[in-house]
Amino acid sequence: MRNVFLVGVVLLFSWVYCCTASVWYDSKAIVVNGRRRILISGSIHYPRSTPEMWPDLIQKAKEGGLDVIQTYVFWNGHEPQPGKYYFEGRYNLVKFIKLVQQAGLYVHLRIGPYACAEWNFGGFPVWLKYVPGISFRTDNGPFKTKMHKFTKKIVNMMKAERLYQSQGGPIILSQIENEYGPMEYELGAPGQEYTKWAARLAVGLRTGVPWVMCKQDDAPDPIINTCNGFYCHNFSPNKAYKPKMWTEAWTGWYTEFGGPVPYRPAEDLAFSVARFIQTGGSFINYYMYHGGTNFGRSSGGPFIATSYDYDAPLDEFGLLREPKWGHLKDLHRAIKLCEPALVSGESTVTPLGNYQEAHVFKSKSGACAAFLANYNSKSFAKVAFGTKHYNLPPWSISILPDCRHTVYNTARVGAQSAQMKMTSVVYDVGFSWHSFSEEPASYGGNSFTTVGLLEQINTTRDVSDYLWYMTDVKIDPNERFLKNGGYPVLTVLSAGHALHVFINGQLSGTVYGSLENPKLTFSQGVNLRAGINKIALLSIAVGLPNVGPHFETWNAGVLGPVSLSGLNEGWWDLSWQKWSYKIGLKGEELRLHTLGGSSYVEWVEGSLISQKQPLTWYKTTFNSPGGDDPLALDMNSMGKGQAWVNGHSIGRYWPGYKASGTCDACDYAGWFDEKKCLSNCGEASQRWYHVPRSWLYPTGNLLVVFEEWGGNPYGISLVKREIGSVCADIFEWQPTLVNWQLQASGKVNKPLRPKAHLRCAPGQKISSIKFASFGTPQGICGSFHEGSCHAHHSYDAFEKYCIGQESCSVTVAPELFGGDPCPNVMKKLSVEAICS
């Protein structure tokens, strides 16, 4: 048996070696066209932006120092019905890859086809759940047949367009499956067999490029196993001849409705990457580099927000997130200077103190690079290395591409920071609204009746978030509660995710769950009358689950029991009486979100408009504002629902769900997790909803909003996202790459001071200096304040060189600020400039 296994491995390796001249790997790195490469990659998911945004996103990624763009392939977007494929619009995968190629970058194509990604159903099409005999992601014939068919289709499409590097294209890596290790552990032998099958499937497709499996310690040869996480320096591949790869370096975390907004300090992210590189890492991918938007009903979870911003270097709207983008750009340039030593040199590790060490790479050709690390999260360290001494801030790594001069420290940010603002696009009199009331569903039409309660997803097949559960209750005139004024209590147990309860057409109450606990219970008094009472329960899904063992079997909707208490007979179980069902809303059926569909009903306008009423459709028209700033809808006055612009769904909105949690001040130093650095506590988890400019016409744009709870549409406004102010926060003698290059070239033979660089957006100019202090200023961009040491002429240089300019640079030198305000003290310069 062992001999058969060895023969199989040899055959796999011999195939790859014989057929892939352009991309392979060894223990050091991925090898592209005969050259080992340190590769910097970033995730940009093509359906989470528009094709019109793609070139700009890709170009900004390239300018940020990326070599590779990584993306999942989203099966449910490409095969919404069995055998019916879609590769247009936001799902034009070939166009996206060709744009990456035109920019001169490579592609890592994560075919999966399981994605997770906080995407609806993990990227699986819902119809897959109903294939007879299927069980997802295990040694199951029906599942493997469907997975093989789709994976082969994607590979053949890439081959037909000559997009693999072996054909001269940009794809240098592919991924099969995704984070399967934990699932395999749960399943045991069937999971192990499925892993081997998936590897054979991938290699047998003969793409000519290496395949990876992430979070898969037993990835079969020649598949490379890779790491995902906030930190991956301790990771090692499962064979000594495979490179150390990090397929998901988490730049932040996703936002859930009802949760605060996580963010990750740029200093810690840079520290984690430098630490990975210094321990032999050669491929690093930022997840996400641009997070984008979960348009339509594409968000998973459930309860994942429409924004998938992820605190990425490019924000949801495609703008630079500073200082993260700039700080990482500087890191990438420093790493690339070390590449000759990293890919060919041998590494030695030398202790420099209790929490400090040096990683040194030296090659036979003479290249030398050093990483000096201080793992202490509280204290500075002064270390001796070579013939010099180096100051290391807490929780930081300094990079020395010649083993002598520091060009970068992860805790010293040279890039500017930017404070973004949402500015209302002013119209003469706001939006002029029309409304249409969606009545609680009644029997007839497209409804059907059966005994008992039905699971929601099996009933709707996810064609709508909404499912009506309807039944009648006959109340005898002799019930005591009718005479004493009390209310009987209706109790409804639901598997999630939200529920509106209507009694005789009137909203009686609303309950909803959360990502951590999607199940919910409604239990309160309801106003029943003598005779027939109509109970209508509107059950709402907020995205299908995307992760977990056999998440395809998880339920949603009213599964019961449903009961009524406080009656003469005590307690009634309503679960097993006749229930009628209606999938979706009348407005969805009529397609009220489209220009054609909105003409099918009579809309109310003027003073008759329904305000703060549940189940109400609103529509208005507006003209596209000038300029090219990204646009969004401020939905803070609304409760929960969905919105469309010109028939395009901008997604679910839910500003009525306020973020619970603790948003304390956050220090970059020390171990990071998704709960360490939070914002928006007590506010809407998501207030602004992206409206891509490419969806707009110059005039007459149709905006349609469906409000479930009862918000105020007159509070909705169109806003543009722009830079409000820019900041620099620079220590004197802070290392910079430019200064090192001047010294290394021999043009300068003395230490150079760093510069503070400020730049507003194109079309903006610096109009005023809000704050400037050379000395010991405190705080962060947006809330700087003077420290105990302050140069009184700190403003002078900025007012002289920056006012009226789009950008400016000022050297961090005492003589520009009236002299040294506190000799023998380490000083820094903090400045904030207003952009107008």
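Throughout what follows, the structure given in this document is the object of discussion.

**Notes on the overall build of the protein**
- Of regular secondary structure, the protein possesses 14 helices and 44 strands.
- Rg of the C-alpha trace for the protein: 30 Å, near the compact-globule value of 28 Å for 836 residues, within the 12% margin.
- Projected onto its principal axes, the C-alpha coordinates of the protein cover approximately 100 × 80 × 50 Å.
- Counting all 836 residues of the protein, 59% fall into the buried class.
- Of the contacts made within the protein by residues no fewer than 6 positions apart, 73% connect residues no fewer than 24 positions apart.
- In the structure as shown, the protein presents an accessible area of about 32800 Å², 51% of it carried by carbon and sulfur atoms.
- Computing the positive centroid from 77 side-chain charges and the negative centroid from 69, the protein places the two 6 Å apart.

**Some words on the sheet that holds strand 25 (residues 498-503)**
- Spatially, six strands are ordered 22-31-23-28-25-26 in an open sheet, and the strand pairing comes out antiparallel. Only two strands of the sheet have a single neighbouring strand rather than two, namely strand 22 (448-451) and strand 26 (506-512). Here the average twist between neighbouring strands, direction ignored, is 25°.
- Sheet analysis places strand 25 next to strand 26, joined by six bridges and oriented antiparallel. Directly across from valine 501, in strand 26, lies its bridge partner glycine 509.

**Concerning helix 2 (residues 54-63)**
- Where helix 2 is concerned, the buried positions are Trp54, Leu57, Ile58, Lys60 and Ala61. One side of helix 2 holds all its buried residues, which, seen down the axis, span an arc of 160°.
- Positioned one or two residues after helix 2, glycine 65 has a phi angle of 95°, which is positive.

**Regarding the state of the cysteines**
- Tallying each qualifying case throughout the model produces eight disulfides.
- Note that cysteine 368 is cross-linked by a disulfide to cysteine 403, the S-S spacing being 1.9 Å. Judged by the sign of its S-S torsion, about -85°, the cystine formed by cysteine 368 and cysteine 403 is left-handed. In this pair, cysteine 368 is assigned in strand 15 (residues 368-374) and cysteine 403 in the loop between strand 18 (396-400) and strand 19 (408-409), connecting sequence segments 35 residues apart. Of the two residues, cysteine 368 and cysteine 403, neither departs from the other in class, the shared state being buried.
- Among the cysteines around cysteine 116, which has no disulfide bond, cysteine 214 carries the closest sulfur, lying 9.4 Å off.
- Take cysteine 116: its relative accessible area is 7%, and that puts it in the buried class.
- Not part of a disulfide, cysteine 214 finds its nearest cysteine sulfur in cysteine 227, a span of 9.4 Å.

**A closer look at unusual backbone geometry**
- Following glutamate 322, the chain continues to proline 323 via a peptide bond in cis, the omega torsion being 20°.
- Of note, proline 323 is situated in the loop between strand 12 (281-290) and helix 9 (324-344).
- Cis geometry is adopted by the peptide bond preceding proline 561, which originates at glycine 560 and carries an omega value of 0°.
- By the secondary structure assignment, proline 561 is in strand 29 (residues 558-567).
- Backbone geometry at arginine 591 places phi at a positive 55°, although glycine is not the residue there.
- Here arginine 591 lies in the loop between helix 12 (586-589) and strand 32 (604-605).

Reading the values: rules and limits
Residues numbered from 1 in each chain as written. Predicted model: local features only at pLDDT ≥ 70, side-chain atom pairs only at ≥ 80, totals over all residues. Heavy atoms only, no water. Helix = DSSP H or I, 4+ residues; strand = E, 2+ residues; numbered from the N terminus. Rg over C-alpha atoms; globule rule 2.2 N^0.38 Å. Buried < 20%, exposed > 50% of the residue type's maximum accessible area, 1.4 Å probe, protein only. Contact = heavy atoms within 4.5 Å. Areas by Shrake-Rupley, 256 points an atom, 1.4 Å probe, with all protein chains shown as cover. Lys, Arg positive; Asp, Glu negative; His and termini not counted. Charge placed at Lys NZ, Arg CZ, Asp CG, Glu CD. Pairing = 2+ DSSP bridges. Axes fitted to C-alpha atoms, helices over the stretch in contact; angles between N-to-C directions. Arc of directions from axis to C-beta. Disulfide = S-S within 2.5 Å.

It is worth stressing that arrangement in space is one thing and function is another; only the former is reported here.
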